[in-house]
Amino acid sequence: MDMCTAEATASLLQVEETFSACLARIDALILKPLLQAEPTDQKGKENLKLFLLLNDRFQALWNLTEENYRILKQKCSTSESFCIQDIYTVWKGDLFLNLYIQYFITFANYVVVHGFEHATKSKSEAWKHHKTVLKQFLTDFTSETSMSMALYTVLHKPIRDHIMQYILLLTKLNEVLKEGSEKDVVTSAIKEYMKLESFVSQVLDEACFTKSLWKSLGYKFTDMLCVPERRLLEDSKNLPISASTNRSDRILLFDDVLVLIQGNSFQSFDLKLVWVDENCRKKSAPGLYGLRIVTPEETFFLSAKDPQMKAVWQWKLNQAVRQALNGKRDFPLWGKTGEGTEPPSCRFFTYVFKLEGKFKSASYEGEWHWGKPHGKGTLKWRDGRNHVGDFKEGLEHGFGICLVPRRSEDRYDCYKCHWYKGKMRGYGICEYGNDTVYKGYFKDDMRQGFGILENCSAEHPFKYTGQWENDKKNGYGVWEDKDRGERYIGTWLDDHKHGQGIVVTQSGVCYQRTFHADKMVGSGILLLEDDYIYEGNFTEDLTFVGKGKLSFANGFILEGTFTNKSGQGLQTHGILNTSNEQLDDRITKAQLGLEDFPVEKRWKGIYDQFLEFIHSGCKEETEESFMGFHIQTSKELRKSQEYLFCQRGTEDVSWKIEEILEEVVQHQGLESLPSYLEKALKSSLHPLGKLLKALTIAFQATYSGIGANKHLLTMAQEEIKYYAKKIWEFYQGLLRLALEQKGQLPEKHVEEDISDQKACSMVLPLILPCFYPELFMLYMLYHEREDDLYCQGIMDLSLFPDIKLLEFLDVQKHLWPLKDLTLTTNQRRSLIKDKCFLSATECLQKLITTVDPREKLVILQKTYKEIESTVSRVVEKDYKLPMDDLLPLLMYVVSRAKIQHLGAEIHLIRDLMDPTNQGGLYDFLLTALESCYEHIQRMRLHQRENCHVTHSS
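Thresholds applied
Positions within a chain are numbered from 1, following the residues in the order the chain's sequence is written. Owing to the predicted nature of the model, reporting of local features is limited to residues with pLDDT of at least 70; listing and counting of side-chain atom pairs is limited to 80 or more, with chain, interface and lining totals taken over all residues. As a rule here, side-chain values come from all non-hydrogen atoms in the structure, and water together with hydrogens is ignored. Angular values range over 0 to 180 degrees, each being the angle between N-to-C directions of two axes fitted as lines to C-alpha atoms, with helices fitted over their stretch in contact. Helix and strand assignments come from DSSP, with helices taken as H or I runs of at least 4 residues and strands as E runs of at least 2, each series counted from the N terminus. Just so you know how the angles are binned, under 35 degrees is roughly parallel, over 145 roughly antiparallel, 65 to 115 roughly perpendicular, and the rest oblique. Put simply, a crossing is left-handed when the front helix is turned counterclockwise from the back one by less than a right angle, and right-handed when it is turned clockwise. What makes two residues a contact is simply this: any of their non-hydrogen atoms within 4.5 Å. Put simply, buried Ala, Val, Leu, Ile, Met, Phe, Trp, Tyr and Cys residues joined by side-chain atoms within 4.5 Å make one nonpolar core. Exposed residues in this analysis have more than 50% of their type's maximum accessible area, buried residues have under 20%, and partly exposed residues fall in between, with area computed by a 1.4 Å probe over protein chains only. Patch construction takes residues with relative accessible area above 30% that form no salt bridge. Like charges are linked within 9 Å, and nonpolar side chains (Val, Leu, Ile, Met, Phe, Trp, Tyr) are linked within 5 Å. Each accessible area is a Shrake-Rupley result for a 1.4 Å probe, and residues are judged covered by the shown protein chains and nothing else. A carboxyl oxygen of Asp or Glu within 4 Å of a side-chain nitrogen of Lys or Arg is what we treat as a salt bridge. By this definition, two strands are paired if DSSP reports at least two bridges between them. By this rule, a helix spans an expected 1.5 Å times one less than how many residues it contains. Polar contacts, as counted here, are pairs of nitrogen or oxygen atoms within 3.5 Å of one another; within protein the pair requires one atom able to donate a hydrogen and one able to accept it, and residues that are adjacent in sequence qualify only if both atoms are side-chain atoms. The rule is short: rings of Phe, Tyr and Trp, with Trp giving its six-membered ring, pair when the centres are within 6.5 Å, and they are stacked under 30 degrees, edge-to-face over 60, tilted in between.

Student: For the packing of helix α18 (residues 687-703) against helix α19 (residues 713-741), give the residues involved together with the corresponding values.
Tutor: Contact geometry of α18 with α19 gives a least axis separation of 11 Å together with a crossing angle of 165°. The pairing of α18 with α19 is recorded here as roughly antiparallel in orientation. For the element pair α18 and α19, the recorded crossing hand is right-handed. On the side of α18, the interface is formed by Leu688, Leu691, Leu692, Leu695, Phe699 and Tyr703, while α19 contributes Met715, Ala716, Glu719, Ile720, Tyr723, Ile727, Phe730, Tyr731 and Leu734.

Student: Kindly report on the nonpolar core, identifying the contributing residues and their values.
Tutor: Residues Trp603, Leu688, Tyr723, Ile727, Ile767 and Leu775 are the most contacted members of the largest nonpolar core, which totals 80 residues. Residue contributions to this core peak at 16 residues, all from α19. Apart from the residues lying within four places of it in its own chain, the contact partners of Leu775 are Phe699, Leu713, Ala716, Gln717, Ile720, Leu768, Leu908 and Leu912.

Student: So what's going on with a nonpolar patch on the surface? Residues and values would help.
Tutor: Residues Met883, Leu921 and Phe924 make up a contiguous nonpolar surface patch of about 230 Å² in total accessible area. Looking at where Met883 falls in the secondary structure, it is placed in helix α25 (residues 883-897). In this structure Met883 comes out as partly exposed when scored by relative accessible area, which is 32%.

Student: Any details on the pairing of strand β5 (residues 265-270)? Residues and values, ideally.
Tutor: In this sheet, β5 lies alongside strand β4 (residues 257-262) in antiparallel orientation, the contact comprising six bridges. Bridging from a neighbouring strand, Ile261 pairs with Phe266 of β5. Following β4, the chain reverses through two residues before pairing antiparallel with β5; Gly263 in that reversal takes a positive phi of roughly 65°.

Student: I'd love a proper account of helix α4 (residues 93-112), names of residues and values included.
Tutor: The first and last C-alpha atoms of α4 sit 29 Å apart over 20 residues, in line with the 28 Å expected at 1.5 Å per residue. Positioned one or two residues after α4, His114 has a phi angle of 60°, which is positive.

Student: I'd like a rundown of the pattern of salt bridges, residues and numbers included.
Tutor: Throughout the structure, instances matching the rule amount to 41 salt bridges. We note a salt bridge from Asp471 to Arg447, for which the minimum N-O separation is 3.0 Å. Residue Asp471 is found in the loop between β18 (462-469) and β19 (472-481), and its partner Arg447 is found in strand β17 (residues 446-455); the two are separated by 24 residues along the sequence. Its salt-bridge partner being Lys856, residue Glu905 comes within 2.7 Å of it at the nearest N-O pair. With Glu905 in helix α26 (residues 902-912) and Lys856 in helix α24 (residues 853-875), this residue pair connects regions lying 49 residues apart in the sequence. Overall, the relative accessible area of 0% leaves Lys856 in the buried class. Salt bridges sharing common partners tie together Glu206, Asp255 and Arg329.

Student: Give me the sheet that holds β5: which residues, what numbers.
Tutor: Within a sheet, each strand pairs with its neighbour through backbone hydrogen bonds, oriented either parallel or antiparallel. An order of β1-β3-β4-β5 is seen for the four strands of this open sheet, with the pairing classed as antiparallel. Single-partner strands in this sheet number two, and they are β1 (232-235) and β5. Averaged over all adjacent pairs, the angle separating strand axes in this sheet is 20°, with direction ignored. Direction of pairing for strand β3 (residues 250-254) relative to β4: antiparallel, over a ladder of four bridges. Bridged to Leu253 within β4 is Leu258. Contacts between helix α9 (residues 181-216) and the sheet are confined to β1 and β3, with β1 contributing the most and set at about 60° to the helix. This element, helix α11 (residues 307-326), spans β1, β3 and β4 of the sheet and lies at about 40° to β3.

Student: Could you give me a rundown of the environment of Ser704, with the residues and numbers involved?
Tutor: Tracing the sequence through the fold places Ser704 in the loop between α18 and α19. Considering only alpha carbons, one finds Ser704 and Met777, 73 residues apart in sequence, at a separation of 8.6 Å. Once you skip the residues sitting within four places of it in the chain, Ser704 turns out to touch Arg487, Phe699 and Glu774. A polar side-chain atom of Ser704 sits 2.4 Å from the main-chain carbonyl oxygen of Gln700.

Student: Can you break down the packing of aromatic side chains residue by residue, with the values?
Tutor: Under the criterion given, the structure shown has 55 aromatic pairs. When the ring of Tyr488 is compared with that of Phe515, the centres are 5.2 Å apart and the planes differ by 85°; the resulting orientation is edge-to-face. With a gap of 27 residues between them, Tyr488 in strand β20 (residues 486-493) and Phe515 in strand β22 (residues 510-516) connect regions that are remote in the sequence. Accessibility assignment for this pair places Tyr488 and Phe515 in one class, buried.

Student: Outline the sheet that holds strand β2 (residues 242-243), listing residues and values.
Tutor: Pairing within the open sheet is antiparallel, and its four strands lie in the order β2-β8-β7-β6. Every other strand in the sheet has two partners, leaving β2 and β6 (275-277) as the edge strands with one partner each. In this sheet, strand β8 (residues 299-304) lies alongside strand β7 (residues 289-294) in antiparallel orientation, the contact comprising six bridges. Bridge assignment links Arg292 to a residue of β8, and that residue is Phe301. The strands that α11 touches are β6, β7 and β8; relative to β7, the one it contacts most, it runs at about 20°.

Student: Go over the environment of Val111, please, and point to the residues and values.
Tutor: The residue Val111 is located in helix α4 in this model. Spatially, the C-alpha atoms of Val111 and Leu204 are 8.5 Å apart, while their sequence positions differ by 93 residues.

Written as structure tokens, this is what we have:
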């Protein structure tokens, strides 16, 4: 085998030596004289640049040949054994191929622009001097009389011949090699050099074909279309095909553009954005075979007279498009099938829209599908607008971020929203350039449904939470004016307060009036901070005017006409009724908004979004629109997450809509349903959790901060109960949908009373923690006076030692747990405090550690058990406490537990407890606790009255 390799190496050495000498002659007699030419015209200067590049390629080829020659010569003179690695053209085949490809591509570029024709017309002295010598040299290569043709031949034929010599040498070597890895290497090299020969042939054919086109076309077309790198692949004059009626006279397919020529004008289409559809729906004329050509802004048809012509054009178009997308030509240019017959329908490209329409003058960079933006992309307009996001069939569709410059300021409105068929629809955030932020729902590019508009600037801070319609505040909503320290809760029409409304102020004053276009009309109810109620007309600065009735907290009523003259203060002419001198809860605890704002009409926008989601079948494409944004792809969006209703925490549970519907069916049983609902409501990725989050925001916007006013307690309480009812209804809606999709029949309609009961018993305890801080604050304010009395009573009772307190509360002596009183050396039993019924006291103190009315009742029951257990231990037998014994003992435990705001706790439990517990043990124990609470109040009240009598006397 060494002998075979040695012979091949020796032959190759001789070939390289001859070829190197040929290249040296070409360099000296042709290239150097041509490089000395000094063109004066623009065309000549451009061609010279191209010729300089061709010379660089030639020199690289010559250098490689010289290097190969030196290596081979050194090997032949020093080595006795040879191997395939010694044959440089095999071992470094990629390097050889690359240099030859670069040379012939540059050579073809020079041919296309008529470079040799221009070169031979040079008038330089250097060229004239060498012309005679050159003619003699060229006769060795061609008998043609044309100098340009001779130059063309001499600069490519020797090099092509040399490639063929490589192929012949390697083929001879391959014939004598035995089967094995070296033979495989040589075989592979032969294939690559044969491909190179085919490539060179095709490159030169295309160059001549393109050169002929530029020669035949007018200067107007040539000047605009002719570039050195562009190649003509097909011409409708050679292979007849026609465009749509009156569309063009001639069709030219280049390697980068498709050109339609009509008269003296033409249209060109970048092949990267050309799609070829052979199955076009439009029927061709009889006897014609059509192709539909799709581009970003135009679609037209090509028609051939026979299927073979159509097939050839289709194949060439597809190959040209695919190679344009790849950014390189095939090797060889036209193989049997190339690298794939069909170009991808999905592409990534940049395009500037030119025709009239929504995107006129906009630049789109992104993904395309059949001539339309489809997938991820960025749109930029000249006026500064831009949109980054998802597109579908040429329109914004899915999540997107849109920046719109403000005309009068150097600022932008930034929309982060869900789009549907080119318009904002579903949940979104808009950060306006004037420091205002909207977080809510859109429809047809307008704010629609539930949303929050907030301005946190120092000048005019405000916040609106409520319903929107046609981009304006309409329906039920809450407006907070942070400058004035006021909150308006009520109805709106076209951005104005309109209809019934409640205004709550920071000072504690609140009133209910009828509004018309932001102005108060008619009479209203004004609740003052000292528990006075005024019913009648009053001004915006809360001055009484006209007829009215003023009810005092002590029961007195002043009814008449009120006036307020400058410098004279408030004056009235009327009747003061003092017949009812006692505190009247109807006055001190009057409740607003119950009749005027039915709970069913509040926050309709939140419920409507959920209903729309269910009615759509909870489809995946509507999920993001309802739920908010699942994936944040930009830092700006992540920063905005703090404003989202759908904040994404580090949640263990990952919800997909298919999984949600599947789990709804799996956990419909009573045993697993509560835990499933709890998990769903805690996750903002679950529709029920999303709904609860939005309701929580609405509740806080109404009743937190300024809205913490005792006159709104009943409104808040019934609102929470209604939330539970709606969440239960929506859970049932999800379950019905899931069953229907599985082909199962849902259960028959459940009666409303049973549904309310389920909501109260199952859902209310799960959602109450979200609303508890604001709700309990309202309860504390509502029961503030009673709790003050109770606390004073507790303070008085806490002064008693245990034995004295048991005696004071009339606890029977045989029930006193005296054994629990452990004395130290210096202690007296009668002075020991906080030792009796200690376990029951500690148990009752846990009442404030939970927000769930069910759990509070369980704690109360355990307290009762602890009292009963202690008594049973004292009397040394099982002892069931009768009511006469229970109340004094429970009063003792309550006084020692010292629970703050016990009245608020009791009434919250009473109002929100499961209706099924009414009349049972829990109800009995709660009634007993209420009795203790009221008794402690009365004790303090009687003490105050006795003190008052003593002072009077």
